[in-house]
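# Observations on the model geometry
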Amino acid sequence: MSAAAICEELRTLWPRDDYSRVPFRFYHDAALYREEIERIFRGPTWSYLCLEAEIPAPGDFRTTLVGETPVVVTRKEDGQLAAFVNRCAHRGAIVRREAYGNAKEHICVYHRWCYAQDGSLTGVPFRRGVGGKGGMPEDFDPKANGLQKLKVQSIRGVVFATFASEVEALEDYLGPVMTAHLERLMHKPIRILGYQRQTVFGNWKLYMENVRDSYHGGLLHEFQNTFGISRVTQVGGARMDSRHRHHITYSSAAEAKDGSQLHKDAGVANDRLQLADGRLLEYVPEFADGQQLTISSVFPNAVFQQIRNCLATRQLRPRGVDEFDLVFTIYGYADDTPEMVELRLAQSNMIGPAGYISMEDGEAIELVHRATRGEDGRSGLLEMGGLGAIPDEIKFRTSEVSIRGFWSYYAALMKMEPNGALK
Amino acid sequence: MDALPAVTALLADYCAHLDADRLEQWCELFDESASYRIVPRENRAQNLPAAILHLTNKRMITDRITVLRTAAVFNIHVDRHIVSAIRVLEADEKSASFEASFCIYQSDQEGRTKLFCTGIYEGEVALGPAPRILRQTAVVDTFSIPALLAVPI
């Protein structure tokens, strides 16, 4: 089946035009997944690569993935950023094998082809042969055989890249809401505190749905509910850009209603858990707007989180239709006191694969992925928060509207919108 | 003095309690001032302070178990710790520091087993009639955690 044909076939499976039903097949179809790698991760999107603070000095590099494509992101001698596909132009070997380092050039181990910091080919051993014999043809052009370059842009030290030659500028892609949000998070120089990673056994889209789902927070994660980190009863909501590519969910500590009682009425206990050491629940104000929780996602592969004083980025790396990796980069600010660093480290117990407010997500995604396999005729249901038109702003937390927003942009990019699709 | 028998016996209790879901008894192996951390090898290599779990006193260690018992939702499983190459690095009358290699297999309700984690324990033990853990750091080689890590390792 051709690539276009799979999307054309799957396009007909949407039961409704407002994305309030999601066919289970979309999490499991291998041909669709290959098409996602092309149309989304190698398409007209900006993928999150790293933070500039991870590559502060000239020559610093990190290896990463955009979709499934290995990529090197580096800082050149002139201080500018560069990114290129980490695959030798000669035989296709991985060029830079280390996870990180500092280098003036990048040499493939297989035949020692050598590349400059921007990925340009600078050396081919025995290009003229030996003693006049062998060697490359006269017309071999090094300029035409460099590593494939990505376009790189950084906003407040957050580095994104794209494979597309025709693509809007990063700031336009992010839109004013997400741009302002990144400026808020990166309002002063940051300091990298470390990494957490996890491999989740489910389709990558289940995760992008999960981070947009403000309905589950206080229900799946009892810890969030008990300590008021996230309750559906809190004052909060979500904002999206006009194309619903990106998403910010936020809440303040204030309750719209008596959250404890309402959750109890919904069958969720929130008075049985007490901590002997509650330090990790403290909050030292550091943002003018008073919001203690903001979780934002940038299509297709990034999450930026502020959970009280725990700050982190998350990069999603799909690894086939059934699996993805998450890389959490935990950071603070360069002027943090030792006490503030310790508070951030204590609060990082709440996040990641072992986190008090996040470990359940790995389990929930796996439960969905396992039970929906092979159920091609069935769909999941997204009606919480309303049907029909997808608004840019949602002013309550019992909502799945943002998930419908994700699918509306996904479907447009994949050319598999249902007839009469809502945007 | 030869601290190896005491360290070995304490580690055996440590693993037996975790594998048998005696998490409250596992907590009691720690001194009041003890720290318990799970550190990704990549953070150690880059001298970065963040951890997967960062519990800096016994109250925080106990809280971890309280959360698992009352609030958390995680994969239903059985752990099996295999510990080997236990080495005492320094020891005096009061305490001993040690290293030990570990691997942990996880089995699900259908009896299927996967390697969950490998790494090295770096710890310190208070010696005496009832030895206690002063410091336990699990530096994990498997730092891309499969699915999730709920029960301590």
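Summarised in this report is the structure supplied together with it. (Residues numbered from 1 in each chain as written. Chains lettered and ligands numbered in written order. Predicted model: local features only at pLDDT ≥ 70, side-chain atom pairs only at ≥ 80, totals over all residues. Heavy atoms only, no water.)

## Some words on the environment of Leu-316 of chain A
All names here are of chain A. Assignment of secondary structure puts Leu-316 in strand β17 (residues 310-318). By relative accessible area, which is 2% here, Leu-316 ends up buried. Residues Leu-316 and Met-208 lie 108 residues apart in sequence; the distance between their C-alpha atoms is 8.9 Å. For Leu-316, the residues in contact, after removing those within four places along its chain, are Trp-204, Tyr-207, Met-208, Asn-301, Phe-324, Asp-325 and Leu-326. (Helix = DSSP H or I, 4+ residues; strand = E, 2+ residues; numbered from the N terminus. Buried < 20%, exposed > 50% of the residue type's maximum accessible area, 1.4 Å probe, protein only. Contact = heavy atoms within 4.5 Å.)

## Considerations on the interface of chain B and chain A
One widely used convention gives an interface's size as the accessible area the parts lose upon coming together. Contact residues are listed per partner, giving 36 residues for chain B and 37 residues for chain A. Summed over both sides, the interface between chain B and chain A buries roughly 3200 Å², with carbon and sulfur atoms accounting for 55% of that surface. Between the two partners, chain B and chain A, sit two salt bridges. Where Arg-59 of chain B meets Asp-277 of chain A, a salt bridge forms, and the shortest distance between an N and an O atom there is 3.3 Å. (Buried area = accessible area lost by both parts, 1.4 Å probe. Salt bridge = Lys/Arg side-chain N within 4 Å of Asp/Glu carboxyl O.)

## A few points about the pairing of strand β1 (residues 30-40) of chain B
All names here are of chain B. In terms of burial, β1 is largely enclosed, as eight of its 11 residues are buried. Pairing analysis gives seven bridges linking β1 to strand β6 (residues 132-140), with the strands arranged parallel. Within β6, the residue paired with Phe-30 across the bridge is Ile-133. In this structure, β1 lies alongside strand β2 (residues 53-55), joined through three bridges in antiparallel fashion. Bridge pairing in β2 links Ile-38 to Leu-53. (Pairing = 2+ DSSP bridges.)

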